[in-house]
Amino acid sequence: MTIKTLGFIGTGNMGARMVPHIAATGFPIHIFDLNQDATQSLARLHNNIVVETTASAVASAADAVITMLPAAPDVNLCALGEDGLVEGFSKGDILIDMSSSQPWMTVELAEALAANGIHMIDAPVSGGTRGADEGTLTLMIGGKNEHVERCLPILEPMAKYIFRTGDVGSGHALKTLNNLLSGLNTVAAAEALMIGTRFGLDPEVMCDVINESTGMNSATKRNMKEHVISRKFGGGFAWDLKFKDYKIAMELARVTQTPVPFSALGFQLYESANTWIGDTSEKQSIEYVRWYEHFAGSQIRKPANDR
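Computed from a prediction, not measured in an experiment: that's the story for all the values here. (Residues numbered from 1 in each chain as written. Predicted model: local features only at pLDDT ≥ 70, side-chain atom pairs only at ≥ 80, totals over all residues. Heavy atoms only, no water.)

S.K.: I'd like a rundown of the overall build of the protein, residues and numbers included.
M.R.: The helix and strand inventory of the protein stands at 13 helices and 9 strands. Relative to its length of 307 residues, the protein is compact, with a C-alpha radius of gyration of 21 Å against a globular reference of 19 Å. In terms of its C-alpha atoms, the protein occupies a principal-axis envelope of roughly 65 × 45 × 35 Å. For the protein, the residues scored as buried account for 52% of the 307 residues in total. Partitioning the contacts of the protein with sequence separation of at least 6, the portion at a separation of at least 24 is 66%. Accessible area of the protein: about 14,500 Å², with a carbon and sulfur share of 52%. On the protein, the mean spot of the 25 positive side-chain charges and the mean spot of the 34 negative ones are 7 Å from each other. (Helix = DSSP H or I, 4+ residues; strand = E, 2+ residues; numbered from the N terminus. Rg over C-alpha atoms; globule rule 2.2 N^0.38 Å. Buried < 20%, exposed > 50% of the residue type's maximum accessible area, 1.4 Å probe, protein only. Contact = heavy atoms within 4.5 Å. Areas by Shrake-Rupley, 256 points an atom, 1.4 Å probe, with all protein chains shown as cover. Lys, Arg positive; Asp, Glu negative; His and termini not counted. Charge placed at Lys NZ, Arg CZ, Asp CG, Glu CD.)

S.K.: Talk me through the nonpolar core; I want residue IDs and the actual numbers.
M.R.: Core analysis: the largest hydrophobic core is formed by 34 residues, its most contacted members being Phe8, Met18, Ile29, Ile66, Ile96, Met98 and Leu155. Of all elements in the fold, only strand S1 (6-9), helix H1 (15-23), strand S2 (29-32), helix H2 (36-45), strand S4 (64-67), strand S5 (94-97), strand S8 (137-142) and helix H7 (145-155) reach the threshold of two or more residues within this core. Excluding residues that lie within four positions of it along the chain, Ile29 makes contacts with Leu6, Phe8, Val19, Ile22, Ala23, Asn48, Ile49 and Val50. (Core = buried A, V, L, I, M, F, W, Y, C linked by side-chain atoms within 4.5 Å.)

S.K.: Describe the packing of aromatic side chains, listing the residues and the values that go with them.
M.R.: Scanning all chains against the criterion turns up 8 aromatic pairs. Their ring planes at 15 degrees and their centres at 5.4 Å tell us that Trp291 and Phe295 sit as a pair that is stacked. Within this pair, Trp291 and its partner Phe295 are both found in helix H13 (residues 287-296), separated by 4 residues, close to a single helical turn. Accessibility expressed as a relative area gives 60% for Phe295, which makes it exposed. The positively charged end of Arg290 is found above the aromatic ring belonging to Phe233, 4.0 Å away from the centroid. (Phe/Tyr/Trp six-rings, centres within 6.5 Å; stacked < 30°, edge-to-face > 60°. Lys NZ or Arg CZ within 6 Å of the ring centre and 35° of its normal.)

Take it as geometry only, folks, not as evidence of what the structure does.
Below you can see the structure in the form of structure tokens.
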């Protein structure tokens, strides 16, 4: 059963960057977002994009629908709420949730949809806005093989790497654990570079050495030089999303009865940073380091004579 028409719900920072890669293949796409300016902007760029006014209208027009929303409760409301997807879906249609959702809620939603003859896979992404812009996202896909195979032609244009992770919900589980590890990488990198900076080392040189040595991690490779040592504190991953994923990972640890003392300490640090940051709506995940610098009373920056 080939997917002939796609629906896409959630054209925010990530979704707006993902849709054009699919549209460029000529695939008909029906989109919906509460921000109508965002959907209209996309439709003006591609004549094969149609803007709808409800999720149910998207589902009525499509064989498969991608959701790219903040979290599982938003996906559940979109799927099962008033004017939701389930009101427009036909038997055999597929929901592809690419959000960063709570995995246990994904399993529950898949069961609710299956009772109506609707299939579901989860395909969360890693790579941030840069990966979405470039079509080089990493996808972690959970679901039955026959459903995943149907969806690959619409997923491949957005991705550089695609991994099958198991049953539905497994993609979301792996995504949140990846972001847990990413958060801990930032904690460790900030502390190591702070020690070196206080000793008199150049943190840029430290990153260069560490990135060719066993201490290398995503923070030293992608963030510390570009966003911390430069003092730009930008980046492509919103603080609120990173903090949400960390909370999901800690809840997953509780659900699976897994002892995580190191991760729990890291989460306490992120909670403290979250309180200190205040209004986090426009902040990036690298803001953790700014809080840590405040806590430590020093900055991770090049020596004064090298600036």
